[in-house]
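Given next are the chains, with one letter for each unit.
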Amino acid sequence: MAKSEQVIKDLDRVIGLINTDMKDIPAEEKKQMVADTIDHFDNYVSPGWLKYRKSVSSDSEQGAVLEWQDEGAYCYGLNGEKFIDCLGGFGIYTCGHRNPEILKTVKAQLDHQALHSQELLDPLRGYLAKALADITPGDLQYCFFTNGGAEAVEMALKLARIATGGRWFISTVGAFHGKSMGAISMGGKSTYRIPYIPMVQQVQHVEYGVAEDVRKAIKNLQAVGEKVAGVILEPIQGEAGVIVPPAGYLQEVREICDETGVALIFDEIQTGMGRTGTMWRCEAEGVTPDIMTYGKAFGGGIMPITGIICKPKMWVQDLIDNPWLLGSPTFGGNPVCCAAAIATIKYMLENDIPGVCKRKGEVLKAGLQSLAEKYPEVIQEVRGTGLMLAVEFHTCELGYETAKGLFARRVMTAGTLVNAKTIRFEPTAVISEQDIKDVISRMDEALADTKKAFEL
């Protein structure tokens, strides 16, 4: 058989699986899918991936769970394993998995157009930009749509340089802004940076949560003749372990940027779209940045769409004269993704998703705090706000053992900063109160097992 014929045969089988309800896939076929997936990841994706995901994957059918279906607050494995999703795709699934209202809009859009011609005017991009300007703080107005979070950060950095004429950036230790070259240059974790050094130069990192360090860094650079383009901050550091800065920090940095003529960039990719109890985290302190990135939940958990929005003053003449100067991503702002984002904004406003995140977050956090008090030898701290929460353990090993225990009890979580010392809890806003109770109950059992295993 010719190679192309074999590929067609192989893919015809895969397409058949896609078109088959999970319950109708024969047991032997499911077993073969597990074996295929393990082989394909080892030989065609990344030899280290299964080891990295060792709490959920192994070289046995019992250890490897293939995700195949999702709905509401749950993820389902190929063999019917039902997980309460407390990871939420690192913030993607605020509106739930396959939210019916958003999915309906996306399907309707697909029925008449998916991608855009690249030449004619695409109206949904305009409608979405107007809606975004309407729901963001202050005078944020001009939008640029991209595909992934790192790409949005790249555009924010480029815009800050174009608009201010500066070259230096101030970022923070522990920051995470993505893994493309510019974004990772802003990152504050050595694990991600070392393999690529030297990268984008003219970046200075300061301690997160200390506004005076931002002031000193800018003043010192300007004193020696350097021009600073921007300060980039997560309003709450996500990958660093859900680090909430002191009250007033964002406001003080805003004042520093105004005093020094530096652009302020807020990375709201994870904190935005209701996750922390307000539509945007910066609203909690009444602060408006010059540029803001968004993503994760922006596509409603159905389509990938991210981007930036900025104040009018940032959209300088160079960008008016050459709209493609900032960038021209082929799929940025495409109709099907814009349809998803439009439906997401409507759903969030109609159902007060920020308020839901606030209320349910308080219940979940109280439950986690009660476990911290019950197991002080295992848990060091519970922190976060809304449905962006984290539990920090005394050691990485304790966190990993507890994460494994949660997985075994069908609760999906994940660590931060490539280890499990801190486990994040970012469930969907559609999680029920009973599910929250079940999460706390199952974690109680997992913590008891961890305590016993380490003889604490």
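Here, the structure is the one placed above.
Let us look at the structure shown here. (Residues numbered from 1 in each chain as written. Predicted model: local features only at pLDDT ≥ 70, side-chain atom pairs only at ≥ 80, totals over all residues. Heavy atoms only, no water.)

## Examining the overall build of the chain
Piece 1. In terms of regular secondary structure, the chain is built from 16 helices and 15 strands.
Piece 2. Whereas a compact globule of 456 residues would reach a radius of gyration of roughly 23 Å, the chain reaches 23 Å, a difference of no more than 12%.
Piece 3. With the principal axes as the frame, the chain shows a C-alpha extent of 65 × 60 × 45 Å.
Piece 4. Taken across its 456 residues, the chain has 51% of its residues classed as buried.
Piece 5. Once local pairs closer than 6 in sequence are excluded, the contacts in the chain between residues at least 24 apart make up 72%. (Helix = DSSP H or I, 4+ residues; strand = E, 2+ residues; numbered from the N terminus. Rg over C-alpha atoms; globule rule 2.2 N^0.38 Å. Buried < 20%, exposed > 50% of the residue type's maximum accessible area, 1.4 Å probe, protein only. Contact = heavy atoms within 4.5 Å.)

## What to know about the pattern of salt bridges
Piece 1. Evaluated as defined, the whole model comprises 26 salt bridges.
Piece 2. Here Lys130 makes a salt bridge to Asp134, at a shortest N to O gap of 2.8 Å. Within this pair, Lys130 and its partner Asp134 are both found in helix 6 (residues 123–135), separated by four residues, close to a single helical turn.
Piece 3. On the accessibility criterion, Lys130 (53% relative accessible area) is exposed.
Piece 4. Linked by salt bridges that have partners in common, Arg254, Asp258, Asp290, Lys311 and Lys313 make up one network. (Salt bridge = Lys/Arg side-chain N within 4 Å of Asp/Glu carboxyl O.)

## A word on unusual backbone geometry
Piece 1. Non-glycine residue Met273 carries a positive phi angle of around 60 degrees.
Piece 2. Locating Met273 in the fold gives a position in the loop between strand 8 (263–267) and strand 9 (291–294).
Piece 3. Its identity as a non-glycine residue notwithstanding, Lys296 has a phi of 50 degrees, on the positive side.
Piece 4. Among the structural elements, Lys296 can be located in the loop between strand 9 and strand 10 (306–310).
Piece 5. Using a relative accessible area of 31% as the deciding quantity, one classes Lys296 as partly exposed.

## Quick word on the nonpolar core
Piece 1. One finds Val231, Phe298, Ile379, Phe425 and Met443 to be the most contacted residues of the largest nonpolar core, which totals 96 residues.
Piece 2. No other element matches the 10 residues that helix 13 (residues 335–350) contributes to this core.
Piece 3. What Phe425 contacts, discounting residues up to four positions off in sequence, is Cys86, Leu364, Leu368, Leu387, Met388, Leu389, Val391, Leu406, Thr413, Val439 and Met443. (Core = buried A, V, L, I, M, F, W, Y, C linked by side-chain atoms within 4.5 Å.)

## A closer look at helix 15 (residues 396–408)
Piece 1. Here helix 15 contains 13 residues, and its C-alpha end-to-end distance of 18 Å stays within 8% of the 18 Å for a straight helix at 1.5 Å per residue.
Piece 2. Every buried residue of helix 15 is listed here: Leu398, Gly399, Thr402, Ala403, Gly405, Leu406 and Phe407.
Piece 3. Summarising the contacts, the buried residues of helix 15 are in contact with strand 3 (82–85), strand 12 (388–393), strand 13 (411–412), strand 15 (419–425) and helix 16 (433–453).
Piece 4. Where helix 15 ends, the next residue or the one after it, Arg410, has phi of about 65 degrees, a positive value. (Expected span 1.5 Å × (residues − 1).)

## Concerning the sheet that holds strand 9
Piece 1. As summarised here, the arrangement of the seven strands in space is 4-10-9-8-7-5-6, forming an open sheet in which the pairing is mixed. Only two strands of the sheet have a single neighbouring strand rather than two, namely strand 4 (142–146) and strand 6 (203–206). Here the strands of the sheet are splayed against their neighbours by 20 degrees on average, with no regard to which way each runs.
Piece 2. Across four bridges, the pairing between strand 7 (residues 228–233) and strand 8 is parallel. Looking across to strand 8, one finds that Ile232 is bridged to Ile265.
Piece 3. Strand contacts of helix 7 (residues 149–164): strand 4, strand 5 (168–172), strand 7, strand 8, strand 9 and strand 10, with the helix running at about 25 degrees to strand 10, the strand carrying the most contacts. (Pairing = 2+ DSSP bridges. Axes fitted to C-alpha atoms, helices over the stretch in contact; angles between N-to-C directions.)

Shape descriptors only; they carry no functional weight alone.
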